[in-house]
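Breakdown of the fold
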Amino acid sequence: MNLKSPVAIHYYPNLNLNFWAITKCASTTLRTYFRLFEEPGLTEKEIIDRWGLKAHASLDTNKYLADLDNLKGRSVAVIRHPIARFRSMFADLLRKRFWRGKGAGLREDMSVSDLADYVTNTDDTDLDIHLKPQVCFLDSSQDIEFMRLENLENDWLFDFPTPSYILHKTSSDFELPEIVSDKVCKRYKEDLFIWNERKMK
């Protein structure tokens, strides 16, 4: 596989699904949600009660990690507009969980402009997993179908319903200065292409 970053592809055999998890794209929530339909009989409440949708690490979902050298089934990924994802990065790593941001090499006093400069001037390989471009978690040689997080209800590719707790959740909704937005879109231009076209170059 041609991957630029450590990747977590979760295989759900009953759904015949490979879910390509991308950081800051609701991947933890969706991995847990797919459990509802992988193991019939579990209710949404039981999933939440037993494993917790807010937990960022779930040993339960890790048992579904796919064999990267022997992928089988349909490949699906959820992508996010770079601006929305950047806002989430800032809010999460510099406001909500600075202990995590500190581990990513960030300073607590960083502004959105500082963070945009940091990701712009740092190579993909040196960026923390939450700051890496989304393309780092994907492989252009694979036939991956894309759903946009901001348009999940319309892009949804499955017969079962979309998770309501994603559809009605707005995260980190604040305006960025135009110069910052331009810098973010330029830095994550490959991600922007995927979001616009729902396919990789």
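Above this note sits the structure.
Residues numbered from 1 in each chain as written. Predicted model: local features only at pLDDT ≥ 70, side-chain atom pairs only at ≥ 80, totals over all residues. Heavy atoms only, no water.

1. Comments concerning the pairing of strand S3 (residues 74-79)
Along S3, five of the six residues are buried, which leaves the element largely enclosed by surrounding structure. By the bridge criterion, four bridges tie strand S2 (residues 17-21) to S3 in an arrangement that is parallel. Note that in S3 the partner of Trp20 across the bridge is Ala77. One ladder, built from five bridges, connects S3 with strand S4 (residues 144-148); its direction is parallel. From the neighbouring strand, Ala77 faces S4, where its bridge partner is Phe146. (Buried < 20%, exposed > 50% of the residue type's maximum accessible area, 1.4 Å probe, protein only. Helix = DSSP H or I, 4+ residues; strand = E, 2+ residues; numbered from the N terminus. Pairing = 2+ DSSP bridges.)

2. Overview of the sheet that holds S4
Across the sheet, which stays open at both edges, the four strands sit in the order S1-S2-S3-S4 with mixed pairing between neighbours. The sheet is open, and its two edges are formed by strand S1 (8-12) and S4, each paired on a single side. Strand-to-strand, the axes of this sheet are offset by a mean angle of 25°, without reference to chain direction. Across the face of the sheet, helix H1 (residues 27-38) comes into contact with S1, S2 and S3 while running at roughly 165° to S2. (Axes fitted to C-alpha atoms, helices over the stretch in contact; angles between N-to-C directions. Contact = heavy atoms within 4.5 Å.)

Treat this as a map of the structure, not an account of what it does.
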